[in-house]
Amino acid sequence: MRRDGTVSAALSIGVGVGIYGVSFGVLAVAAGLSAAQACVMSMLTFTGASQFAFIGVLSAGGTPAAAMGPAVMLALRNAAYGLSVTPILPKSLGRRLVLSHVVIDETTAMAKAHDDPDRARQAFIATGISVWIFWNAGTAIGALAGDWLGDPRALGLDAMFPAAFLALLAPQLRHAGAPVAAIVGAAVAIALVPFTQVGVPVIAAIVGVVPGLLVARGVRQ
């Protein structure tokens, strides 16, 4: 892998996500999950937003069945991510199946930050490995030592996750139509937050793609 900053960027993102994982481990055990259940969820589900949505419903007194709704809705965005990164994935079906497990916000953003397919694939894989390792390590630490660590959110450390994601998305705003898509998507999401369940605003924000594509098409003509 080229030493163009990709590995260091992937590691930085992994560390930030790992700190967020500590918070998840603490909150998951507080919501009634065992440390083992929290760790298995992070290993197999591996989508932080859905996991936080799931334990959020449990913490509020909801049933696991009720918690599945918002968790699945948030996970749906990964399907769209999968379509967007398909061109840079290996041709082998087996390798694609393995890499599909790490199709998440961070890996997609890192891949889309590169125009060259080879560099995009390297960034995707490096970020996927880094985030998976640190997220699961963080979950284990939080689940096993939560009482001693406390909640990292109280220190504001969870802000590293969204900050890193926004930094990765920023270069995409240079593309035609991207600013319009971002503004419309954000407006739709913010408008729906007070009235809809967790996860709905994220999914609905995809409508911002439509005006973005129209603007991009007009620029090319």
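Residues numbered from 1 in each chain as written. Predicted model: local features only at pLDDT ≥ 70, side-chain atom pairs only at ≥ 80, totals over all residues. Heavy atoms only, no water.

Chemist: Honestly, the overall build of the chain in this entry has me stumped. Any pointers?
Modeler: Each helix and strand in the chain was counted, giving twelve helices and zero strands. Element order for the chain, N to C, with α for helix and β for strand: α-α-α-α-α-α-α-α-α-α-α-α. Out of the 221 residues in the chain, the part that is buried amounts to 38%. Put simply, the chain shows about 11800 Å² of open surface, and 71% of that area lies on carbon and sulfur atoms. (Helix = DSSP H or I, 4+ residues; strand = E, 2+ residues; numbered from the N terminus. Buried < 20%, exposed > 50% of the residue type's maximum accessible area, 1.4 Å probe, protein only. Areas by Shrake-Rupley, 256 points an atom, 1.4 Å probe, with all protein chains shown as cover.)

Chemist: Explanation requested: the packing of aromatic side chains in the structure shown.
Modeler: Each aromatic ring pair is described using two quantities: the centre-to-centre distance and the angle formed by the ring planes. On inspection of all chains with the given rule, the structure shows four aromatic pairs. Look at Tyr20 and Phe52: their rings are 4.9 Å apart centre to centre, the planes differ by 40°, and that puts the pair in the tilted class. Here Tyr20 is found in helix H1 (residues 6-30), whereas its partner Phe52 is found in helix H3 (residues 48-59), with 32 residues between them in sequence. One exposure class covers both Tyr20 and Phe52, and it is buried. (Phe/Tyr/Trp six-rings, centres within 6.5 Å; stacked < 30°, edge-to-face > 60°.)

Chemist: What exactly am I supposed to notice about a nonpolar patch on the surface here?
Modeler: A contiguous nonpolar patch, built from Ile206, Val207, Val209 and Leu213 and spanning about 350 Å² of accessible area, is present on the exposed surface. Mapped onto the elements, Val209 comes out in helix H12 (residues 209-220). You can call Val209 partly exposed: its relative accessible area is 41%. (Patch = residues over 30% accessible without salt bridge, like charges linked within 9 Å, V, L, I, M, F, W, Y side chains within 5 Å. Salt bridge = Lys/Arg side-chain N within 4 Å of Asp/Glu carboxyl O.)

Chemist: Where do I start with H3 in this structure?
Modeler: An α-helical turn contains 3.6 residues, so a residue and the one three or four places further along point in the same direction. Here H3 is twelve residues long and its end C-alpha atoms lie 16 Å apart, about the 16 Å a rise of 1.5 Å per residue gives. Listed in full, the buried residues belonging to H3 are Ser50, Gln51, Phe52, Ala53, Phe54, Ile55 and Leu58. Following H3 by one or two positions, Gly61 adopts a phi angle in the positive range, close to 100°. (Expected span 1.5 Å × (residues − 1).)

Chemist: What is the right way to read the environment of Val57 from this model?
Modeler: With respect to the helices, strands and loops of the structure, Val57 is situated in helix H3. Under the relative-accessibility criterion, Val57 is labelled partly exposed at 21%. Each C-alpha atom, one on Val57 and one on Pro70, is 8.6 Å from the other, the two residues being 13 residues apart in sequence.

Chemist: I would appreciate a short explanation of the nonpolar core in the present structure.
Modeler: One recurring pattern in soluble globular proteins is that nonpolar side chains are buried together. Ranked by internal contacts, the top residues of the largest apolar core, which has 33 residues, are Phe24, Phe52, Phe54, Ile55, Val85, Phe124 and Trp135. Going through the elements one at a time, H1, helix H2 (35-44), H3, helix H4 (64-75), helix H5 (77-85), helix H7 (105-112) and helix H8 (117-149) are the ones with two or more residues in this core. Residue contacts for Phe52: discarding those within four places in its chain leaves Tyr20, Ser23, Phe24, Leu27 and Trp135. (Core = buried A, V, L, I, M, F, W, Y, C linked by side-chain atoms within 4.5 Å. Contact = heavy atoms within 4.5 Å.)

Chemist: Any chance you could explain the packing of H1 against H2 here in plain terms?
Modeler: Packed helix pairs are characterised by how far apart their axes lie and by the angle those axes make with each other. Interhelical geometry of H1 versus H2 gives an angle of 130° and a closest axis separation of 9 Å. Put simply, H1 runs oblique to H2. Relative to H2, H1 is oriented so that their crossing is right-handed. Across the interface between the two elements, Phe24, Ala28 and Val29 of H1 pack against Ala35, Ala38, Met41 and Ser42 of H2. Each residue belonging to the contact of H1 with H2 can be placed in one class, and the counts come to six nonpolar, one polar and no charged. (Axes fitted to C-alpha atoms, helices over the stretch in contact; angles between N-to-C directions. Parallel < 35°, antiparallel > 145°, perpendicular 65-115°, else oblique. Left-handed = near helix turned anticlockwise from the far one by under 90°. Nonpolar A, V, L, I, M, F, W, Y, C, P; charged D, E, K, R; others polar.)

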